[in-house]
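Residue-level listing of the chains:
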Amino acid sequence: MMHTRCRTLCWASTWNTAEVDAGLEHLLLTENYADSVVLAFDESAGPFRLTYRLHWDETWQIRDAELVVTTAQATRSLSLHTEGDGQWLDPGGRVIAELQGCRDIDIWPTPFTNTFPVRRTPLAMGERRLFRMVWIRAPELTMQVKPQAYTRVSDRCYRYEKLDGSGYSAELPVDEDGIVLDYPGLFRRLPRAAKPGGC
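Criteria and cut-off values
Residues numbered from 1 in each chain as written. Predicted model: local features only at pLDDT ≥ 70, side-chain atom pairs only at ≥ 80, totals over all residues. Heavy atoms only, no water. Phe/Tyr/Trp six-rings, centres within 6.5 Å; stacked < 30°, edge-to-face > 60°. Lys NZ or Arg CZ within 6 Å of the ring centre and 35° of its normal. Salt bridge = Lys/Arg side-chain N within 4 Å of Asp/Glu carboxyl O. Helix = DSSP H or I, 4+ residues; strand = E, 2+ residues; numbered from the N terminus. Buried < 20%, exposed > 50% of the residue type's maximum accessible area, 1.4 Å probe, protein only. Pairing = 2+ DSSP bridges. Axes fitted to C-alpha atoms, helices over the stretch in contact; angles between N-to-C directions. Core = buried A, V, L, I, M, F, W, Y, C linked by side-chain atoms within 4.5 Å. Contact = heavy atoms within 4.5 Å. Polar contact = N/O pair within 3.5 Å; in protein donor to acceptor, adjacent residues only side chain to side chain.

J.: Explanation requested: the packing of aromatic side chains in the structure shown.
T.: The relative placement of two aromatic rings is captured by the distance of their centres and the angle of their planes. On inspection of all chains with the given rule, the structure shows 12 aromatic pairs. Among the aromatic residues, those joined into a ring-pair cluster are Trp-108, Phe-131, Tyr-150, Tyr-160, Tyr-168, Tyr-183 and Phe-187. Against the face of Trp-135 rests Lys-146, its NZ or CZ located 3.9 Å from the ring centre. In this structure, Lys-162 is placed above the aromatic ring of Tyr-168, and the distance from its NZ or CZ to the ring centre is 5.3 Å.

In structure tokens, the structure reads:
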């Protein structure tokens, strides 16, 4: 990695009550690049390994996403590219019509991609904005378009809302770089994992 600053971030999964502490994410983060490994347990598919690599520009606009999931049964991969105009292309350069209008992605299961809307679109205190997201679910690597909202409730905290009729919301604290710390009931940042260093 040819970047001057690198952070190592780790989150423990707390969302699977049947398999307590059965998940962990290890992410290497530079200025505009993330390389992550997620170990998780799915109630249907069992244990799986997700690796993802994301590249974005200086405005935190996603440009490239590469994901690979490995389970006991199969290996799946997904590769996406966008110029940041709401249009997504597959590896063959073909437009993925159903994703039209989405600027960001939200990958399950990781809290990291919740950072992109608030870094790409800085919010004033109390401001609420709607976003059209490409929601990617592992281990299947299925894609859906999902509307979400973010509200800045304090200097380092944002309220996230699903706009699917469920009424779900969560307050997400962030660190000094705007990276999600904890996601109540789902993920917990491990202490002292974000110390800057070389990659």
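J.: Which parts of the structure should I look at to understand the pattern of salt bridges?
T.: Pairing is possible between side chains that carry opposite charge, provided their charged atoms lie close to one another. Summed over the entire model, instances satisfying the criterion amount to 14 salt bridges. Salt-bridge contacts for Asp-177 lead to Arg-7; the nearest nitrogen and oxygen are separated by 2.7 Å. Separated by 170 residues along the polypeptide, Asp-177 in the loop between strand 12 (169-173) and strand 13 (187-189) and Arg-7 in strand 1 (residues 6-13) bring together distant segments of the chain. For Arg-7, a relative accessible area of 3% corresponds to the buried category. A salt bridge links Asp-175 to Arg-189, with the shortest nitrogen-to-oxygen separation between them at 3.2 Å. Here Arg-189 lies in strand 13 and Asp-175 lies in the loop between strand 12 and strand 13, a separation of 14 residues in the sequence. Looking at Arg-189, the relative accessible area reads 10%, which means it is buried. Through salt bridges with shared partners, a single ionic network connects Arg-7, Asp-175, Asp-177 and Arg-189.

J.: Just to check I follow, could you spell out the pairing of strand 2 (residues 24-30) for this structure?
T.: The two faces of the sheet receive side chains in turn, since in a regular strand these alternate between them. Pairing of strand 1 with strand 2 involves six bridges; the strand directions are antiparallel. Following the sheet pairing, Ala-12 is matched in strand 2 by Leu-24. Sheet analysis places strand 2 next to strand 3 (residues 33-42), joined by seven bridges and oriented antiparallel. Within the sheet, the bridge partner assigned to Leu-29 lies in strand 3 and is Ala-34.

J.: Before we go on, may I ask you to explain the sheet that holds strand 8 (residues 104-108) in this structure?
T.: Read across the open sheet, the five strands follow the order 8-9-10-11-12; overall the sheet is mixed. What marks the edges here is a single partner per strand, and that holds for strand 8 and strand 12. Each adjacent strand pair in this sheet contributes to an overall mean axis angle of 40°, direction not counted. Here strand 8 runs beside strand 9 (residues 128-137); their pairing, made up of five bridges, is parallel. Note that in strand 9 the partner of Ile-105 across the bridge is Val-134.

J.: How should the nonpolar core be read in this particular structure?
T.: As a rule of thumb, nonpolar side chains are buried together in soluble globular proteins. By size, the foremost hydrophobic cluster in this structure holds 48 residues, and its most contacted members are Leu-50, Tyr-52, Leu-54, Leu-67 and Phe-112. In contact with Tyr-52, other than residues within four places in its own chain, are Glu-25, Leu-27, Ala-34, Asp-35, Ser-36, Val-38, Glu-66, Leu-67, Ile-107, Thr-110 and Phe-112.

J.: Would you take a moment to explain the environment of Glu-127 for this structure?
T.: Its location among the elements puts Glu-127 in the loop between helix 1 (115-120) and strand 9. When the C-alpha positions of Glu-127 and Pro-173 are compared, they lie 16 Å apart, and in sequence the two are 46 residues distant. With residues up to four places along the chain from it excluded, the contact list for Glu-127 reads Pro-122, Tyr-150, Thr-151 and Arg-152. A distance of 2.8 Å separates a polar atom in the side chain of Glu-127 from a polar atom in the side chain of Arg-129.

J.: Could you clarify how one ought to interpret the pairing of strand 4 (residues 46-56) in this entry?
T.: With 10 bridges joining them, strand 3 and strand 4 adopt antiparallel strand pairing. Pairing of Phe-41 across the sheet is with Pro-47, part of strand 4. Here strand 4 pairs with strand 5 (residues 62-70) via eight bridges, running antiparallel. When the sheet's bridge partners are listed, Trp-56 is paired in strand 5 with Ile-62.

J.: I keep staring at unusual backbone geometry and nothing clicks. Help me out?
T.: The general pattern is negative phi for most residues beyond glycine and trans for most peptide bonds. With omega at 5°, the peptide bond leading from Trp-108 into Pro-109 counts as cis. Position of Pro-109 relative to the elements: it lies in the loop between strand 8 and helix 1. Following Ala-138, the chain continues to Pro-139 via a peptide bond in cis, the omega torsion being 15°. Tracing the backbone shows Pro-139 in the loop between strand 9 and strand 10 (142-154). One non-glycine residue with positive phi stands out, namely Leu-141, at about 60°.

As far as function goes, none of this settles anything; it's purely spatial.
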